[in-house]
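Observations on chain architecture
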Amino acid sequence: MTTVKIAASVLAADFARLGDQVQDAEAAGADWIHFDVMDGCFVPNISIGIPVLRSLRKVTRLPLDVHLMIVEPERYLAAFAEAGADYLTVHAEATPHLHRAVQVIRDLGVKAGVSVNPGTSLTMVEEVIAEIDLLLVMSVNPGFGGQYFLPSMHDKLRRASEMLATAGSAAELEVDGGINAETAYPAVASGATVLVAGSAIFRGPEVGASLRELRKQTMKKSGTLSGPG
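Being a predicted model, the structure only gives us computed values, none of them experimental.

**Let's talk about the pairing of strand S3 (residues 64-69)**
Burial analysis of S3 places six of its six residues in the buried class, which makes it a mostly covered element. When strand S2 (residues 32-38) meets S3, the two strands line up parallel, connected through six bridges. Residue pairing for S3: Met38 is matched across the bridge by Met69. With helix H2 (residues 50-57) bridging S2 and its parallel neighbour S3, the resulting β-α-β unit is right-handed.

Here is the structure:
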C-alpha cells in the first residue's frame, strides 16, 4: 500500500505563531505544508500570499504545497515559484487556459497540480491528466476551514483514482476538506494518497499529538464519513 502523506494546512494555524506551528508540524512528522491562497473573488474569503510563503520557506524543509484559489492564476505563478513553492495547484474552474497554466508551472521547475470543486466534473481535467503531478479533489466547497467532509466525494475520489491509473499517471491524489481522525481512513480507502488537514492538526491541544493521531488513523479500516477537518 502506498504510504499516505499528510499535508498540514496552515489556514487553521495560529498566525501569531505561524513559523513555530509549521516547525511543530514538521517535527511531529508532517510530510508537506499546505498553503491556501484565497483572493475573495474565486472563493468568498481572503487569506495569505507571496510574502508569507517566502517567510515560511525559511523555516521549514518540507515541500510547500501551494493551493491557488484565485482567478487568473497565471499572473502569479512565477512569483509563487520564486517564493519557494514546491507544488502549485490551480483550479480547473479558475482559468480558460488550463493546459497553458500547467505547462507554465512545469517550466518554472515546480510540480503542477489541478484542483476541482465538489460540483465540478472530473472531465475538466481529462485533457491535462498526463501533464500533472497532483490532482486535488475538494471534499468541501472551498473558502473556509473547519467544514464537514461531503460523503459524496468518496465516489469522486474513487473515479479520480481510476482516471489516474488508466492514464498511467503517477500523480498524487490529494483530498482537502473535513479531514480528521474519523474521515482519514475512509478517504485513503477511496484512493487518496495525500490528506490535507488543518483544524484536526492545529486546533487540537497539541500539534504533535494531533498529527500523530491522524497518522495512526490513516491505517485503520474503520471510521465515519463526517466531522470537521
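**Description of the nonpolar core**
One finds Val66, Leu68, Leu88, Val125, Leu195 and Ile201 to be the most contacted residues of the largest nonpolar core, which totals 66 residues. With five residues, helix H5 (residues 153-166) is the single largest residue contributor to this core. Ignoring any residue separated from it by four or fewer positions in sequence, one finds Val125 in contact with Ala92, Val114, Val116, Leu135 and Met163. Among the nonpolar cores identified, the runner-up in size contains nine residues, and Ala7, Trp32, Leu134 and Val194 belong to it.

**Considering the pairing of strand S4 (residues 87-91)**
By the criterion of burial, S4 is predominantly enclosed, with five of the five residues buried. Burial along S4 is two-sided: the residues Tyr87, Thr89 and His91 and Leu88 and Val90 are all buried. The β-α-β motif built from S3, the intervening helix H3 (residues 77-83) and the parallel element S4 has right-handed crossover chirality. Of the pairings in the sheet, the one linking S4 to strand S5 (residues 111-116) comprises five bridges and is parallel in character. Bridging across to S5, Thr89 finds its partner in Gly113.

**Topic: the environment of Leu150**
Looking at where Leu150 falls in the secondary structure, it is placed in the loop between strand S6 (134-138) and H5. Overall, Leu150 belongs to the partly exposed group, its relative accessible area being 30%. As for Leu150 and Asp39, which are separated by 111 residues in sequence, their C-alpha atoms are 24 Å apart.

Conventions and cut-offs
- Residues numbered from 1 in each chain as written.
- Predicted model: local features only at pLDDT ≥ 70, side-chain atom pairs only at ≥ 80, totals over all residues.
- Heavy atoms only, no water.
- Buried < 20%, exposed > 50% of the residue type's maximum accessible area, 1.4 Å probe, protein only.
- Helix = DSSP H or I, 4+ residues; strand = E, 2+ residues; numbered from the N terminus.
- Pairing = 2+ DSSP bridges.
- Right-handed = clockwise from strand over helix to strand, strands pointing away.
- Core = buried A, V, L, I, M, F, W, Y, C linked by side-chain atoms within 4.5 Å.
- Contact = heavy atoms within 4.5 Å.

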